[in-house]
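# Examination of the molecular architecture
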Amino acid sequence: MSTEPTKILLTEDEMPRQWYNIQADLPVPLPPPVGMNGVPIGPDDLARVFPMNLIEQEMSTERWIDIPDEIQGILKLWRPSPLYRARRLEAALGTPAKIYYKNEGVSPAGSHKPNTAVAQAWYNKQFGIKYLTTETGAGQWGSALAMSCKLVGIECKVFMVRISFDQKPFRKIMMKTWGADCIPSPSMETAVGRKILSEMPDTPGSLAIAISEAIEQAVEREDTRYALGSVLNHVMMHQTIIGLEAKKQLEKVGRYPDVVIGCAGGGSNFAGISFPFICDKIHGKEVRIIATEPEACPTLTRGPYVYDAGDVAKMTPLLPMHSLGHGFIPPAIHAGGLRYHGMAPLVSHVRQLGLIEANSLPQTECYEAALLFAHTEGFIPAPETSHAIAETIREAKKAKEEGKEKVILMNWSGHGLMDLQGYDAFMSGKISDYPLPEEMLQRSLDALKDHPPVA
Ligand SMILES: *Cc1c(COP(=O)(O)O)cnc(C)c1O
């Protein structure tokens, strides 16, 4: 019998002290952000939106960047996070595959998002910023940033996508508990919000709208900046602590993954678990890396690789990414955190380079996977996380058919204890699948006709 532990733990001393920057190892450099005229934008163009210390990280090609001691001190409240061997799930599937999941649900806000929220709040504070604005979809990012701002001592305001604001009352109470101001978006507080409300008073909102509102307020004040929970290069880098820890943990039990799986909304938890392994892959190691997304918001699988804005009002520069179009209003599926129209440039780029695979999954399959997970491993996953679980189950079943003992590493990006309404809807048969209609996608992509092409 195996003596391998159920949870593989690291001591605090074993927590990584540096983030990994994949830009150092890319065989082809990442195309730069550009303006509408196609000209690359520089650090100064971003200075009203982000603090310069984070802009430097965004553009850095250094392989390793030190994690400041104060940030490590806060991360140690829950890190290193445990890596679990999902023996009970394996048994239920009757698979020879060995399934490991990195539990990022142990953070105070319940997901991987505090890994970058703490870092962003801290660097803003260092730079003399007093106030951060941001957007949130399902509320996980807003609550992560609210907590982080409180812990480092700055103020926080969150524009929350209307549909989630109405569906998830407890997330806004969490934000309030951590001292942040949370308002539904679109709102009457900003010019862009007022414009959209006058045209579409009943809109469920979108992350792209909420981002425009948050940026509009940030650039109006000298002591205020904006924080983005995913997509940007520095966010991907802050999340690599997940994969760096997981690699050490697997080493402790003498394993290396055959497959690494993460769900992808803006791409940050997927990048976090996978980039340290993509580094190995670039240097010759054989490992499959799979990003999974909802069929209703299929950015990586059906969105073209284009220059597109990160927000609806095009206040951000154009980023090279897979996109469904910045005006895309995703259907109201419950995996709120996966409803973004774009995909991180770095994740889009490694997809272009053929270093990763992508799959889109129907929502009901994901909820079924989430229930099987809860029935075997106990933990109730976030609806976003259930996409990674469903993909893992597909791979484990394939391993069974092929009679292969493959090692699967999955990022368990967060718990679903604030998302129980979705579970309730699923269990009462109220959730159905929704593959995105092609004409809806084409209509949204029409808005990109005057964008410069990615060289
Ligand atoms: C926000 C979120 C996601 C999706 O965001 P990424 O940037 O793609 O990681 C996935 N899972 C959970 C639990 C989330 O909170």
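Since we're looking at a predicted model, the values are computed, not measured. (Residues numbered from 1 in each chain as written. Predicted model: local features only at pLDDT ≥ 70, side-chain atom pairs only at ≥ 80, totals over all residues.)

The next point concerns the sheet that holds strand β7 (residues 155-161). What the 4 strands build is an open sheet, ordered β8-β7-β6-β9; its pairing is parallel. Looking at which strands have only one partner, the edges of the open sheet turn out to be β8 (181-185) and β9 (224-226). Adjacent strand axes in the sheet meet at a mean angle of 25 degrees when their direction is disregarded. Examined bridge by bridge, strand β6 (residues 131-136) and β7 share 6 bridges and lie parallel to one another. In the strand pairing of β7, Glu-135 is matched with Phe-159. (Pairing = 2+ DSSP bridges. Helix = DSSP H or I, 4+ residues; strand = E, 2+ residues; numbered from the N terminus. Axes fitted to C-alpha atoms, helices over the stretch in contact; angles between N-to-C directions.)

Glancing now at helix α7 (residues 169-177). Listed as buried for α7 are Arg-171, Lys-172, Met-174 and Met-175. Angularly, the buried residues of α7 cover 150 degrees about the axis, an arc narrow enough to put them on a single face. In this structure, α7 carries Pro-169 and Thr-177 as exposed residues pointing more than 90 degrees from its buried face. The elements touched by buried residues of α7 are α5 (140-152), β7, α6 (162-167) and β8. Looking one or two residues beyond α7, the residue adopting positive phi is Gly-179, at roughly 90 degrees. (Buried ≥ 20, exposed ≤ 12 C-beta atoms within 10 Å, placed from the backbone. Arc of directions from axis to C-beta. Contact = placed C-beta atoms within 7 Å.)

UniProt feature "modified residue: N6-(pyridoxal phosphate)lysine" (unreviewed entry): in the numbering of this structure it lies at Lys-113. With respect to the helices, strands and loops of the structure, Lys-113 is situated in the loop between β5 (98-103) and α4 (114-126). Taking the C-beta count within 10 Å as the criterion, Lys-113 has 30 such neighbours and is therefore assigned buried. Contact partners of Lys-113, with chain neighbours within four places excluded, come to Gln-140, Trp-141, Ala-144 and Gly-229. (UniProt positions renumbered as here; feature names shortened; annotations may be inferred.)

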